[in-house]
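# Working through the structure, step by step
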4 protein chains.
Amino acid sequence: MNQTMPFLSDNAAAVHPRVWEAMRAADFADNPYDGDALSAQLDARFTDLFGRECAALWVATGTAANCLALATMCQPHGGVVCHEEAHIEVDEGGAPGFYLHGAKLMLCADAHGGEGAKLTPDGIAALIDPIRDDVHQVQPHAIAVTQASEYGRTYSAEELAALSAFAKARGLGLHMDGARFANAAAFLGGSAADAAFGVDSLAFGFIKNGGMSAEAVVLFDPEAAAQVKYRRKRAGHLQCKGRYLAAQILAMLDGDLWLANARHANVAALEIAGGCTGRLMHPVEANELFVRLTLREREALRAQGFAFYDWGADAARFVTAWNTSAEDASALGKAIASL
Amino acid sequence: MNQTMPFLSDNAAAVHPRVWEAMRAADFADNPYDGDALSAQLDARFTDLFGRECAALWVATGTAANCLALATMCQPHGGVVCHEEAHIEVDEGGAPGFYLHGAKLMLCADAHGGEGAKLTPDGIAALIDPIRDDVHQVQPHAIAVTQASEYGRTYSAEELAALSAFAKARGLGLHMDGARFANAAAFLGGSAADAAFGVDSLAFGFIKNGGMSAEAVVLFDPEAAAQVKYRRKRAGHLQCKGRYLAAQILAMLDGDLWLANARHANVAALEIAGGCTGRLMHPVEANELFVRLTLREREALRAQGFAFYDWGADAARFVTAWNTSAEDASALGKAIASL
Amino acid sequence: MNQTMPFLSDNAAAVHPRVWEAMRAADFADNPYDGDALSAQLDARFTDLFGRECAALWVATGTAANCLALATMCQPHGGVVCHEEAHIEVDEGGAPGFYLHGAKLMLCADAHGGEGAKLTPDGIAALIDPIRDDVHQVQPHAIAVTQASEYGRTYSAEELAALSAFAKARGLGLHMDGARFANAAAFLGGSAADAAFGVDSLAFGFIKNGGMSAEAVVLFDPEAAAQVKYRRKRAGHLQCKGRYLAAQILAMLDGDLWLANARHANVAALEIAGGCTGRLMHPVEANELFVRLTLREREALRAQGFAFYDWGADAARFVTAWNTSAEDASALGKAIASL
Amino acid sequence: MNQTMPFLSDNAAAVHPRVWEAMRAADFADNPYDGDALSAQLDARFTDLFGRECAALWVATGTAANCLALATMCQPHGGVVCHEEAHIEVDEGGAPGFYLHGAKLMLCADAHGGEGAKLTPDGIAALIDPIRDDVHQVQPHAIAVTQASEYGRTYSAEELAALSAFAKARGLGLHMDGARFANAAAFLGGSAADAAFGVDSLAFGFIKNGGMSAEAVVLFDPEAAAQVKYRRKRAGHLQCKGRYLAAQILAMLDGDLWLANARHANVAALEIAGGCTGRLMHPVEANELFVRLTLREREALRAQGFAFYDWGADAARFVTAWNTSAEDASALGKAIASL
């Protein structure tokens, strides 16, 4: 490994030791395909975590998790309302078009009333009300929010309650892309239930947070759960040795490792934020920082060994992870403060 | 773990120790998402193995591997000729319909001239010639064979050459489902090149043979390879920590572990076959046995601790794996012989 | 027009004069796109005809009518049970795969208990029960029957009641392909309600029966009706001058022209059947005859000016239409009798 | 018919008498399904009209015509670049998502360098260059332009030549939505060849211009033509009495009726434009006018018997047709001038 201090993304971090242990232990698990003892524990464990009945299935990517859930609530001729910078719109290579058979992503902008890539009931209404019942226009079937948002913002339980009530009133499903759900929940106080308040489904991300290859699709609607079992198989995502995926997730749930890891990353992000006074594009509510930095400033940081992505012409994005060292975070904060 | 002697399937066997080691080592690999150093080695390694230029991408399941390859050679309005008992038809939960956007599987039976779920040029011609150029009928775009077949039979290089020539003459693609490709290659003499002679693409299975969660899509057509990169992402199969999948495959290729594992399983199958005189439905050419056994006989075997699937009303299927113990195989062969 | 006596198909017959009149009159109809006064009458007219609440939309082909209805009852990951010789399987160029996004047609044979391409509850159960709840297998979502069947057989109200009860018990939708629904209804006594007893949707064919380019999708489930409105648009089947299609259908309903036309065709078929003693493959219950005839016999008939299709190597299919002349029918019956 | 002077849309106008005549004559045409003598003439007639080899097939709607052509040049995992106000994006109920199996519409705005919903090579480059070869982003496969554009603007042969060269250089297909192609060609001087210069396919609209239910998909690429034949069937758009659609198109081509009708509509539009000094949002280059009018002004016009659509809060759209009377056009022009 090189000496770079890595703030590119949490999505390439190493796997947590306790996850490795759990996977190795699964070698000897009771293991028939599609009925192993580890996978069978997931429903109960997530029901426990969220305090409401749900089913949970592992899949190998967040893209699949999001799309499988959305497919249960949006027919091919319908649409999914999301933010114009939502990951499902801009970064999943057209996966929603594939899984939803050509359903349309209907895009809200911050200009519609949101902030930091967050949606609001009013913003959604402004988008969908003018086309209501117009047969020439794709009609919305579902709403997708991202927790934490694409700019590292979080939805409070109150905000989610409002979105959920709005969705129900309009007959729309409500899905949450939780690639960094753990970081959002950590910021919001640690309650998974609050951080997913009122949603019909959640793609609960573990891979960015210490896992290797397992995310959970959590379905609070039993009919959707029944469907996803078949849709996952059909999408080539039912792994015959799925017990190794279940093992990863169970390890993350055991002793709330998911929360501890996320808190670690969030703390590192706040440490960095301390050096970014006046430069932050968005409040830091999870483990991502969007920082105004000139080209020259970014060059200076890279020269000091910091790795990160540019964000447009005048900013950079820094992401912390479960294994970001306190030293690296502190060094970055100071480096930015000294620019 | 219970005391059962497991012949249910190779798809749930433990992961090989050398695969585990390689995965752990990948924790420290040079690791940017979608450009890691391990995944970058695959094209060259498979080109070397097959002795002809190819690209290779990991995916988590054979279902995805088959479907991604087929999608490059069959348009949504076309069809894929396969055996009526082909895994893609009977066991993948409709995945080809999903990945190929409703393309049709056009089914050949053994009655069309094949044997043990193998296809022949004449059998295919009998199926597709009568509907040629009929706009009311789906036209074939591709052929899919399984190596080893669903009944554990193999295609020789000569048989593949004939199928390949036929496919080319008709303008059809030729794909090989190689869930047990290693076992077929081992039986045929150990040459991967021969066992995949003339095909345009191959789903090279590692999971049943000691891997955990990585199969390879091998594409001998550069245009197809360019497409699959995008189609894999779109199907939610581009894993951000894909280096752990590349590591599994590389471990299997190193020192021809894939071949050694397959030979082990094949030897175990032959050991069992020795006890099955007069009972075998198909010659044993890989690691599966289809054995005529009455209900009472099967009950007797189960009472002795052997686990396996029924195959219809009058037979059973036994599958050996890389970790089948010589004792278990010998015991099973003797138990059947003593019935 | 040549002197051939046409028994090839009813699908290319001329348009009935009353249909022409109605279309011309629509030039002056109150005509805003997607809300014209003629199309607006359809729901009430069909509700009246069937004696139960329904919605009805025009489309240009039976293929589209069948597929739009089926799409409301079969999710992309599900299957539609139909006869192995069903038109949707063998003659629609893969349209169900397109409209149902890769859902699977699950094929029953006569060997499953049917007769003349008709389905029975027992036959369907034999097909679907063994795979129930198997995630590796596509699960059925709907059943499609053809009235009259592909061999000109009809389903009685009692038979439909049994199928409908079976479908409900299994949670399956029941669709009827009624390309020759009028002929079936005429044979069954003239009641549209009886001929579509218990079905959830019907593709009611008018084109083979004197129309030009309008079939009706009749939906007895209000939710399906709401969907089809959008699905039709999405499939490019919402015609801006749809009033001309509504006009065709209304003309066919006025004074029961649909029934009179069908009776005419059926009478002609029976006239021909009179000459076919010992040669009929199936009882004549609509306007199609499947007649055992050697190659030489068929040549002899063609030499006399009769046009028709071969049906395999040893038979021919004859179809009568609303405009088949009594002379032609009588001549054909006599010609066959004289062979 | 009420007394309203109709400027809502050309899409609901009556059918031209010569089209009616041709349809009636087709009752007696040589008429086997899928091989009738009228449909067989289309390829040659359009090849003649455009002065380059092409194939032409009828379909019932412009939506189907556009989507069938686009499906030949854009794979499901690709994208089609079009204007953000393109009809395929905003008014076809998601049809491209259906026909292209979830391919993405990639939206250019006028802000990208266009004007009046027209695309330019530079604008397209600005959209697609930044994401080139990024596997997380859908890559463009085709470009779709509208002639006349959604704001009634036309592309000159020179502008099309530039777009065509750009498309070829990038390996993209170039499709033209020609719902009002006749009006554009009339404006540009009457040459169909010029108005479709360099495109790979054209949806040539006849329905808004005096036809009833037939548009032509014109394919300048022979491989695409071979595909569309099958895709049309699969989409339920192969009508068994297709000769009536061919008859409509042939009637429109005979004696250049298409051009005469379009010129009539364009003249009427210019007549109205004469009264709109200072109010036009776009130059009038076809048969549509976008006119700045306050709510009160629009109310005043409606009170005088003019029917038209609002265009946002401060404008109205007026469309003329082949049968717009000179009196109505003159009256509207004067009424606006007098506001």
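A word on the interface of chain A and chain B. Each partner contributes residues to the interface: chain A has 43 residues there, and chain B has 43 residues. Interface area for chain A against chain B, summed over the two sides, is near 3,700 Å², with a carbon-plus-sulfur share of 59%. Counting the surface chain A buries against chain B, the share from its top three residues, Trp-20, Phe-98 and Lys-241 of chain A, is 20%. On inspection of chain A and its partner chain B, the count reaches zero salt bridges. Across the contact surface, chain A and chain B share 29 residue pairs in polar contact (both at pLDDT 80 or more). Of all the secondary-structure elements, those providing two or more residues to the side of chain A that touches chain B are helix H1 (17-26), helix H3 (62-73), helix H5 (95-99), helix H10 (222-234) and helix H11 (243-253) of chain A.

The next point concerns the interface of chain D and chain A. In this assembly, 14 residues from chain D lie in contact with 14 residues from chain A. Between chain D and chain A, roughly 980 Å² of surface is buried when both sides are summed, and carbon and sulfur atoms account for 38% of that area. For the pair chain D and chain A, the interface holds six residue pairs in polar contact (both at pLDDT 80 or more). Across the side of chain D that touches chain A, the residue classes tally to three nonpolar, seven polar and four charged.

On to the relation of the copies chain D and chain A. For the pair chain D and chain A, the best superposition has an RMSD of 0.1 Å and corresponds to a rotation of 180 degrees with a translation of 0.1 Å parallel to the axis. Expressed as an axis order, the relation between the two copies is that of a two-fold axis. When each C-alpha of chain D is compared by its distance to the rotation axis, Gly-102 of chain D comes out closest, at 1.8 Å. A shared interface surface links the copies, since 100% of the contact residues of chain D are contact residues in chain A too.

Residues and elements named next belong to chain C. Taking strand neighbours across the sheet as the criterion, the three strands line up as E9-E12-E11 in an open arrangement whose pairing is antiparallel. With one partner strand each, in any of the chains shown, strand E9 (288-292) and strand E11 (309-310) form the two edges of the open sheet. Here five bridges tie E9 to strand E12 (residues 315-319), and the two strands are oriented antiparallel to one another. Across the sheet, the residue bridging to Phe-290 is Arg-317, located in E12.

Attention now moves to helix H13 (residues 295-303) of chain A. Given 3.6 residues to a turn, an α-helix orients residues that are three or four positions apart in the same direction. Residue and element names in this part refer to chain A. Residues of H13 that are buried: Glu-297, Arg-298 and Leu-301. For H13, the arc enclosing every buried residue in end-on projection is 100 degrees, short of the 170-degree limit, so these residues lie on one face. Opposite the buried face of H13, by more than 90 degrees, sit the exposed residues Leu-295, Arg-296 and Ala-303. Tucked inside the fold, the buried residues of H13 contact strand E9 (288-292), strand E10 (306-307), strand E11 (309-310), strand E12 (315-319) and helix H14 (326-337). One or two positions beyond H13, positive phi appears at Gly-305, with a value near 100 degrees.

It is worth spelling out the domain arrangement of chain A at this point. Residue and element names in this part refer to chain A. Splitting chain A by domain gives domain 1 (5-12 + 258-337) and domain 2 (17-257). On a C-alpha basis, the centres of domain 1 and domain 2 stand 26 Å from each other. Across the boundary between the two partners, domain 1 contributes 23 residues, which contact 29 residues of domain 2. Interface area, domain 1 with domain 2, both sides summed: about 2,200 Å², of which 52% is carbon and sulfur. Our count for the domain 1 to domain 2 interface comes out at three salt bridges. Residue Arg-153 is joined to Glu-285 by a salt bridge in which the shortest nitrogen-to-oxygen separation is 3.0 Å. On inspection of domain 1 and its partner domain 2, the count reaches 16 residue pairs in polar contact (both at pLDDT 80 or more). If one sorts the elements of the side of domain 1 that touches domain 2 by residue count, helix H12 (residues 257-273) sits on top with eight residues. Here the residues of the side of domain 1 that touches domain 2 are counted per class, giving twelve nonpolar, six polar and five charged.

With that settled, the discussion passes to the packing of aromatic side chains. Under the counting rule described, the total for this entry stands at 70 aromatic pairs over all chains. Here Phe-204 of chain A and Phe-206 of chain A contribute two aromatic rings whose centre-to-centre distance is 4.4 Å and whose plane-to-plane angle is 10 degrees, an arrangement assigned as stacked. Of the residues examined, Phe-204 of chain A reaches a relative accessible area of 0% and is grouped as buried. Residue Phe-206 of chain A is classed as buried on the basis of its relative accessible area of 1%. Ring geometry for Phe-50 of chain C versus Phe-181 of chain C: centroids 6.1 Å apart, planes at 45 degrees, classification tilted. In this pair, Phe-50 of chain C sits in helix H2 (residues 42-50) while Phe-181 of chain C sits in helix H8 (residues 181-188), placing the two residues 131 residues apart along the sequence. Using a relative accessible area of 5% as the deciding quantity, one classes Phe-50 of chain C as buried. The exposure class assigned to Phe-181 of chain C is buried, which follows from its relative accessible area of 0%. An aromatic cluster is defined as three or more aromatic residues linked by ring pairs; in this entry it consists of Phe-46, Phe-50, Phe-181, Phe-204, Phe-206, Phe-220 and Trp-258 of chain A. Above the ring of Trp-58 of chain B, the side-chain terminus of Arg-232 of chain B is found at 4.1 Å from the ring centroid.

Let us now look at the packing of helix H12 (residues 257-273) of chain D against helix H14 (residues 326-337) of chain D. Residue and element names in this part refer to chain D. As a packed pair, H12 and H14 sit with axes 7 Å apart at the nearest point and diverge in direction by 20 degrees. Considering their axes alone, H12 and H14 lie roughly parallel with respect to each other. For the pair H12 and H14, the crossing hand works out as right-handed. Where H12 approaches H14, its residues Ala-268, Glu-271 and Ile-272 are matched on the opposing element by Ala-329, Ser-330, Leu-332, Gly-333 and Ile-336. Here the contact of H12 with H14 is built from residues that sort into five nonpolar, two polar and one charged.

Moving on to helix H11 (residues 243-253) of chain B. A large share of H11 of chain B lies buried, amounting to eleven of its eleven residues. Those residues of H11 of chain B not exposed but buried are Arg-243, Tyr-244, Leu-245, Ala-246, Ala-247, Gln-248, Ile-249, Leu-250, Ala-251, Met-252 and Leu-253 of chain B. Check the buried side of H11 of chain B and you find it contacts H1 of chain A together with helix H1 (17-26), helix H2 (42-50), strand E2 (55-59), strand E8 (215-219) and helix H12 (257-273) of chain B. Remark: Gly-255 of chain B follows H11 of chain B within two positions and exhibits a positive phi of approximately 60 degrees.

What follows is about the relation of the copies chain A and chain B. Mapping chain A onto chain B calls for a rotation angle of 180 degrees and an axial translation of 0.0 Å; the resulting RMSD is 0.0 Å. Comparing interface residues between copies, 100% of those in chain A also lie at the interface in chain B; the contact surface is shared.

Residues and elements named next belong to chain B. Inspection of the entire model under this criterion finds 48 salt bridges over all chains. Residue Arg-317 is joined to Glu-288 by a salt bridge in which the shortest nitrogen-to-oxygen separation is 3.1 Å. Here Glu-288 lies in strand E9 (residues 288-292) and Arg-317 lies in strand E12 (residues 315-319), a separation of 29 residues in the sequence. Of the two residues examined, Arg-317 and Glu-288, each falls in the buried class.

All names here are of chain A. The mixed open sheet is built from seven strands, whose spatial order is E2-E8-E7-E6-E5-E3-E4. Looking at the sheet topology across the chains shown, the edges are occupied by strand E2 (55-59) and strand E4 (104-108). The average undirected angle you get between the axes of adjacent strands in this sheet is 25 degrees. Here strand E6 (residues 173-178) runs beside strand E7 (residues 201-204); their pairing, made up of four bridges, is parallel.

The topology assignment puts Asn-66 of chain D in helix H3 (residues 62-73). Not counting residues up to four positions away in its chain, the partners in contact with Asn-66 of chain D are Ile-88, Glu-92, His-175, Met-176, Asp-177 and Ala-203 of chain D.

Conventions we followed
Each residue is numbered by its place in its chain's sequence as written, counting from 1. Lettering of chains starts at A and numbering of ligands starts at 1, both following the order in which they are written. Since the coordinates come from a predicted model, pLDDT governs what is reported: local features require at least 70, and pairs of side-chain atoms require 80 or more to be given and counted, while whole-chain, interface and lining totals use all residues. Heavy atoms throughout the structure, all of them, feed into the side-chain values; hydrogens and water do not. Any two residues having at least one pair of non-hydrogen atoms within 4.5 Å are treated as being in contact. Accessible area that two parts lose when put together, evaluated with a 1.4 Å probe and summed over both, is termed the buried area. When a carboxyl oxygen of Asp or Glu lies within 4 Å of a side-chain nitrogen of Lys or Arg, that pair is called a salt bridge. Polar contacts here mean pairs of N or O atoms no more than 3.5 Å apart (in protein, one a potential hydrogen donor and the other a potential acceptor; neighbouring residues in sequence count only if both atoms are side-chain atoms). Think of it this way: any DSSP run of H or I at least four residues long counts as a helix, any run of E at least two long counts as a strand, and we number them from the N terminus. Note on residue categories: nonpolar means Ala, Val, Leu, Ile, Met, Phe, Trp, Tyr, Cys or Pro, charged means Asp, Glu, Lys or Arg, and polar means any other residue, Gly included. Copies overlap after least-squares fitting; the atoms used are the C-alpha atoms of residues with pLDDT of at least 70 in both. Here, a strand pair is defined by DSSP locating no fewer than two bridges between the strands. Exposure categories follow from relative accessible area, calculated using a 1.4 Å probe and restricted to protein chains: below 20% of the type maximum is buried, above 50% is exposed, and the middle band is partly exposed. Here the arc refers to the set of directions running from the helix axis out to each C-beta atom. Note that the domain bounds reflect an automated or database-derived domain assignment. The rule is short: rings of Phe, Tyr and Trp, with Trp giving its six-membered ring, pair when the centres are within 6.5 Å, and they are stacked under 30 degrees, edge-to-face over 60, tilted in between. Two thresholds decide whether a charge sits over a ring: the Lys NZ or Arg CZ must be within 6 Å of the ring centre and within 35 degrees of the ring normal. For helices, the fitted axis covers only the stretch in contact; all axes are lines through C-alpha atoms, and the angles between them, taken along N-to-C directions, range from 0 to 180 degrees. Here the angle decides the label: under 35 degrees means roughly parallel, over 145 means roughly antiparallel, 65 to 115 means roughly perpendicular, and every other value means oblique. Helix crossings fall into two classes, left-handed where the near helix is turned counterclockwise from the far one by less than a right angle and right-handed where it is turned clockwise.

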